[in-house]
Amino acid sequence: LARIPQLAETATRPPQTTMSSSTTTTDESPVLQDLRRHLTGSSTDSGAAIDPEHRTAVALPVAAIKSLLGVIQRSQANTMMGLQEELRGAAEEMMAFATDCPGSLQLLGGRSHIALASGCELFMKYVTRAYLELPDFAACIAQIMERGERFAGISLAARDRIADVGQAFIQDGQTVLTHGWSRVVSNLLVKAAEHRHFSIVVLEGRPDAAGAKAAKVYADAGIPTTVVLDSAMSYVMENVDLVIVGAEGVVENGGIVNKIGTYGLGIAARELGKPFYVAAESYKFARLFPLNQSDLPPLGRNAAILSFVDTASWEMTGGLVGRPPPSAKEGADGEQVDSSSIPGVVQFKSEQVKVKNPPCDYTPAKYITLLFTDLGVLTPSAVSDELIRLYQ
Amino acid sequence: MFRILTEGNFPCTFICSDPKHFEEEFSGISLGASNSVQNFHPAVLSLGMQYASGTIRGGNARAKAMLRTFQQVIRDYEPPAPSSPSSSRGGGKEDDVRHDLDHRIIKPAFQYWTTKCRPHSVSMGNAFTFLKLAVASLDRDMSVEEVKEILVDTIDAYIHERIDIADEAICKHGSSKIVDGDVILTYGCSSVVEVLLMDAAREKGADTFRIIVVDSRPLLEGRALVARLADAGIECTYILLNALSYVMMREVTKVFLGAAALMSDGSVLSRVGTACVALMARSNNIPVLVCCETYKISNRVQLESITVNELGNPDDVISASCAMNGAASTAADCKQIDSVLGNWRDMPNLKVLSLLYDLTPSEFVSGIVTEMGILPATSVAVLLREMNPQDTNTAFMGSM
């Protein structure tokens, strides 16, 4: 049985303040507190505007790196080895949080934590390299802090660079198919729409209504948008000209990990001869080599918590569709409300029906035509070249 | 390497003009043979015997044995007596220890093994190139003792880093892909795959996975492997290559293969039959992982298995009983079976071919496990650039 107490909560409280009233933050370590702070953008120094429609203000790897900077700031270590130990511990803590802590689900939206791991690893590699260049500990720390502060800005700049290189691949009169909600892709498409006329087809994106969110953004930008069911992706494929998706992580062989459904999209696109493009920043390159779908890093306990939700659900789409549910408060004797009474929640009563809802899948490199990154336009085989250079 | 050329429309072998001569070359290496003018170190001759008879097989074993033999030779090396005043050029090439080592000792030994005993493997070739570079980069004014010490140490370091430590790293990366319930298939006997599987059994428990060892005639190398794996407590199955499709479709979850060499386009040179295994796995959507140390990467590109290959003894193919230290049936049975094609040499239209290697195209390989991690086949050229920079200079290779 899949109950969703969180839905009951969000019905009454807007997303941003959920974290502040949670009781667990007080006994959380400073690292995790930092991570929450950066993800929800509730700190004033983040420099990034809090967007009420997006669950997190900054990308997950960026928030992770900022938390690691906080570790450096608080650190009492006098040697690089000691500092690296602390950083490693903090990274492991954040990974454990992402995989096993129920509270992280709402914060991260059940997205893959590959980007979190790759961002941390990248930062620690950078720290090591900086120390090799600047053996003086204090000066090295100062440089790392300064570079880290600029990282959020670098991340935003990466998105703009991706938009620059990717725009050339969309021509007037074409139809673009996209899937899932990605800030990188939306930035690319909105910027491209400033110079060209094209239309977008968006897959609905169950169970988190990512497609509905994306459709709203594109429609607001003046791009003609069509929303279709996830299952209609092969049907519409013959009428689109290209496919663009984002990525949670880019793996060693040039394949990507992205929202569930991307793999099928890749197969359909290749079969019908449509180019399949991926827009991703280079800090998403991870040293993973999945052999098949079951070879992805395990999701921990969070994998079981997701369940199916009808996207015609008012609070899931931020008021875009559906109607508000009746007030779902706790019963007088503290009993949890039966979530089947909340419209839009699919509930299986039988014990014999298992619900599996993997949030991500792995799309092998052979289905990907090109990757738009801040390092330029890469073929899938160039990703490994970059990774070898980065981690040499 | 022996080349197979075509004559008219019929492919035929051109090793030497007469198959009988080939047999002599292959099976009989006599010490102090009439055409060997130079006096080789006994270790060189003994290693040559081991290569020719097949006692030492496998890329790593041959390269290691070669390097150890060179260490021995270098330790026993005595520089030539200073040249007599009449022919002296004083400080000329004759007095250069490096040049003497290279031209009088190292190169002839390698050529002897390659031409008289068995063509060298890519691993031997790369190790030999490394050794020549090491000799050439020595200081000109060093004493003989210093030269010996440095070279012996350098060879030790090469073996340690590029083979032993690399194998450990490959084990670590490869066994991270082995999960509970896996049925792992391997072909022939690869030293690094054996170490990987033993390691995984030790770390995860011998009962977490099963192994299927596929073997083929005439070498039947897999028997020794499966005996050792079974002794380690791992549940094993042993089949011959012709039964491959049966297990592949039903049971196998992953395939681990070894390699003699990696070509720079990502194709894999390995024991003949490997391409078959990889192809079958690919068509059943089973991941194929090739385990190979980076020192075996060749800057050559080979398009198919025929043009450059090594020939084995054709009689091994003909003989129906186990050719190599086999427990055959009765002597009478063997005689009877072997007599079927026993006179193949007298049949004018029959050629017998025993190929030792084949080429697996990179499309059939899901990933290559190296000490740098698991990489796609397309990254072999990148590894060549990063790890074997001396091999990317084709002009240098031409001088070998």
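Residues numbered from 1 in each chain as written. Chains lettered and ligands numbered in written order. Predicted model: local features only at pLDDT ≥ 70, side-chain atom pairs only at ≥ 80, totals over all residues. Heavy atoms only, no water.

Novice: Which parts of the structure should I look at to understand the overall build of chain A?
Specialist: In terms of helices and strands, chain A carries 13 helices and 10 strands. Counting over 392 residues, chain A shows a buried share of 52%. When contacts within chain A are restricted to residue pairs at least 6 apart in sequence, those whose partners lie at least 24 apart make up 74%. Just so you have it, chain A exposes about 17800 Å², and 55% of that area is on carbon and sulfur atoms. (Helix = DSSP H or I, 4+ residues; strand = E, 2+ residues; numbered from the N terminus. Buried < 20%, exposed > 50% of the residue type's maximum accessible area, 1.4 Å probe, protein only. Contact = heavy atoms within 4.5 Å. Areas by Shrake-Rupley, 256 points an atom, 1.4 Å probe, with all protein chains shown as cover.)

Novice: Before we go on, may I ask you to explain the pattern of salt bridges in this structure?
Specialist: Where charged atoms from two side chains of opposite charge approach closely, those side chains can pair. Evaluated as defined, the whole model comprises 22 salt bridges over all chains. Residue Arg389 of chain A is joined to Glu386 of chain A by a salt bridge in which the shortest nitrogen-to-oxygen separation is 3.8 Å. Pair noted here: Arg389 of chain A and Glu386 of chain A are both in helix H13 (residues 380-390), with a separation of 3 residues, about one helical turn. Take Arg389 of chain A: its relative accessible area is 45%, and that puts it in the partly exposed class. Here Arg385 of chain B ties to Glu386 of chain B by a salt bridge, and the two come within 3.0 Å at their closest N and O atoms. The class for Arg385 of chain B is partly exposed, based on a relative accessible area of 38%. Several salt bridges share partner residues, and in doing so they unite Asp385, Glu386 and Arg389 of chain A together with Arg385 and Glu386 of chain B into one network. (Salt bridge = Lys/Arg side-chain N within 4 Å of Asp/Glu carboxyl O.)

Novice: Looking at this structure, how should I read the packing of helix H2 (residues 42-53) of chain B against helix H4 (residues 97-117) of chain B?
Specialist: How two helices sit against one another is set out by the angle between their axes and by the gap between those axes. All names here are of chain B. Contact geometry of H2 with H4 gives a least axis separation of 10 Å together with a crossing angle of 30 degrees. Put simply, H2 runs roughly parallel to H4. The interaxial crossing formed by H2 with H4 has right-handed handedness. Residues Val44, Leu45, Leu47, Gly48, Tyr51 and Ala52 of H2 form the contact with H4, whose participating residues are Ala109, Tyr112, Trp113 and Cys117. (Axes fitted to C-alpha atoms, helices over the stretch in contact; angles between N-to-C directions. Parallel < 35°, antiparallel > 145°, perpendicular 65-115°, else oblique. Left-handed = near helix turned anticlockwise from the far one by under 90°.)

Novice: I would appreciate a short explanation of the sheet that holds strand E9 (residues 370-373) of chain A in the present structure.
Specialist: Note: strands within a sheet are paired through backbone hydrogen bonds, in either parallel or antiparallel orientation. All names here are of chain A. Strands sit in the order E3-E2-E1-E4-E7-E9-E10 across an open sheet of 7 strands; the sheet is mixed. Of all strands in the sheet, those with a lone pairing partner are strand E3 (225-228) and strand E10 (376-378), marking the two edges. Averaged over all adjacent pairs, the angle separating strand axes in this sheet is 25 degrees, with direction ignored. Bridge count between strand E7 (residues 276-279) and E9: 3 bridges; the pairing is parallel. Within the sheet, the bridge partner assigned to Ala279 lies in E9 and is Phe372. The strands that helix H10 (residues 210-220) touches are strand E1 (175-179), strand E2 (199-203) and E3; relative to E2, the one it contacts most, it runs at about 165 degrees. (Pairing = 2+ DSSP bridges.)

Novice: So what exactly am I meant to see when it comes to a negative patch on the surface here?
Specialist: Residue and element names in this part refer to chain B. Together, Asp76, Glu78, Asp139, Asp141, Glu145, Glu146, Glu149 and Asp153 give the surface a local cluster of negative charge. Looking at where Glu78 falls in the secondary structure, it is placed in the loop between helix H3 (59-75) and H4. Given the relative accessible area of 57%, Glu78 is considered exposed. (Patch = residues over 30% accessible without salt bridge, like charges linked within 9 Å, V, L, I, M, F, W, Y side chains within 5 Å. Lys, Arg positive; Asp, Glu negative; His and termini not counted. Charge placed at Lys NZ, Arg CZ, Asp CG, Glu CD.)

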